[in-house]
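The residues making up each chain are set out below.
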Amino acid sequence: QVHLVESGGGLVQPGGSLRLSCLASGSIFSLINMGWYRQAPGKQRELVADITSGGRPNYADSVKGRFTISRDNAKNTVYLQMNSLKPEDTALYFCNVYGVHTGGEYFHSWGQGTQVTVSS
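Notes on the structure in this doc start here. None of the values given here were measured: they were computed from a predicted structure.

### Re the state of the cysteines
Move 1: Inspection of every chain in the model, using the stated rule, returns 1 disulfide.
Move 2: The partner cysteine of Cys22 in its disulfide is Cys95, sulfur to sulfur 2.1 Å. Taking the sign of the torsion about the S-S bond as the criterion, the disulfide between Cys22 and Cys95, at about -85°, is left-handed. In this pair, Cys22 sits in strand β3 (residues 18-26) while Cys95 sits in strand β9 (residues 91-101), placing the two residues 73 residues apart along the sequence.

### Side note on the nonpolar core
Move 1: If you look at the biggest cluster of nonpolar residues, it comprises 29 residues, and the most contacted ones within it are Trp36, Val48, Phe67, Val78, Leu80, Met82 and Tyr93.
Move 2: Elements that contribute at least two residues to this core include exactly β1 (2-7), β3, β4 (28-39), β5 (46-52), β7 (67-72), β8 (77-82), β9 and β11 (114-118).
Move 3: In contact with Leu80, other than residues within four places in its own chain, are Leu18, Arg19, Leu20, Trp36, Val48, Ala49, Phe67, Thr68, Ile69 and Tyr93.

### Some points on the pairing of β5
Move 1: As paired elements, β4 and β5 share 6 bridges and run antiparallel to each other. Bridge pairing links Tyr37 to Leu47 in β5.
Move 2: Linking two consecutive strands that pair antiparallel, namely β4 and β5, is a turn of 6 residues; a positive phi of about 80° is found at Gly42 within it.
Move 3: Counted along the chain from β5 to the antiparallel partner strand β6 (residues 57-59), the turn is 4 residues long, and its residue Gly55 has a positive phi close to 95°.

### What about the sheet that holds β3?
Move 1: Spatially, β1-β3-β8-β7 is the arrangement adopted by the 4 strands of the open sheet, whose pairing is antiparallel. What marks the edges here is a single partner per strand, and that holds for β1 and β7. The sheet shows a mean angle of 15° between the axes of neighbouring strands, taken without regard to direction.
Move 2: Here β1 runs beside β3; their pairing, made up of 6 bridges, is antiparallel. The residue bridging Glu6 from the neighbouring strand is Cys22, located in β3.

### Here's the deal with the packing of aromatic side chains
Move 1: Under the defined criterion, the tally for this structure stands at 3 aromatic pairs.
Move 2: Through successive ring pairs, a cluster of aromatic residues spans Tyr37, Phe94 and Trp110.
Move 3: Across the ring face of Tyr79, the terminal group of Arg19 is positioned such that the distance to the ring centre comes to 4.1 Å.
Move 4: For Arg45, the ring lying beneath its charged end belongs to Phe94, and the centroid distance is 3.7 Å.

### A look at the pattern of salt bridges
Move 1: For the coordinates displayed, the defined rule picks out 4 salt bridges.
Move 2: With a closest N to O distance of 2.7 Å, Arg38 and Glu46 form a salt bridge.
Move 3: A relative accessible area of 6% means that Arg38 is categorised as buried.
Move 4: Taking the relative accessible area as the measure of exposure, Glu46 reaches 36% and is therefore partly exposed.
Move 5: A salt bridge links Arg38 to Asp89; the shortest N-O distance between them is 3.0 Å. Of this pair, Arg38 sits in strand β4 while Asp89 sits in the loop between β8 and β9, and the two are 51 residues apart along the sequence.

What counts and how
Residues numbered from 1 in each chain as written. Predicted model: local features only at pLDDT ≥ 70, side-chain atom pairs only at ≥ 80, totals over all residues. Heavy atoms only, no water. Disulfide = S-S within 2.5 Å. Helix = DSSP H or I, 4+ residues; strand = E, 2+ residues; numbered from the N terminus. Core = buried A, V, L, I, M, F, W, Y, C linked by side-chain atoms within 4.5 Å. Buried < 20%, exposed > 50% of the residue type's maximum accessible area, 1.4 Å probe, protein only. Contact = heavy atoms within 4.5 Å. Pairing = 2+ DSSP bridges. Axes fitted to C-alpha atoms, helices over the stretch in contact; angles between N-to-C directions. Phe/Tyr/Trp six-rings, centres within 6.5 Å; stacked < 30°, edge-to-face > 60°. Lys NZ or Arg CZ within 6 Å of the ring centre and 35° of its normal. Salt bridge = Lys/Arg side-chain N within 4 Å of Asp/Glu carboxyl O.

Scope: geometric values only; no functional claims are made or implied.
As C-alpha cells, this is what we get:
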C-alpha cells in the first residue's frame, strides 16, 4: 500500500506564494508519474501539473508561468511552487501518484488534499 502526505497549503493574499509538498511512502518500487490536481467548490477536479520520473513537467494552461512542479526521486516527494496566486486558484489540492509496487503491481494513489485559499 502507498500512503501520500501533503503539506504546505494555507491562506495567502493575491500575488503571494505557497509551496506544496507530497511525500509518498510504502511498498514503492518506482514512481512513474507524480502530480497535483485541484477541485474548487462546485467544480470538477482538474489537473494542475504533473511530472514524469525523468523530470518532464506538464502544466494546465491556467497555471503556466506561475506554478513550477518538481520532484526529488530520492525522497519520493513532489513539490508545487505556486507564485502570483490568484483568487481563482482557491481550491483543495490533491497529490496524485502512479507507480509500481515492490511486488510488481501498478498502483494509482490520491492524497487527502490540502486547502489553498487566496484572498485579501
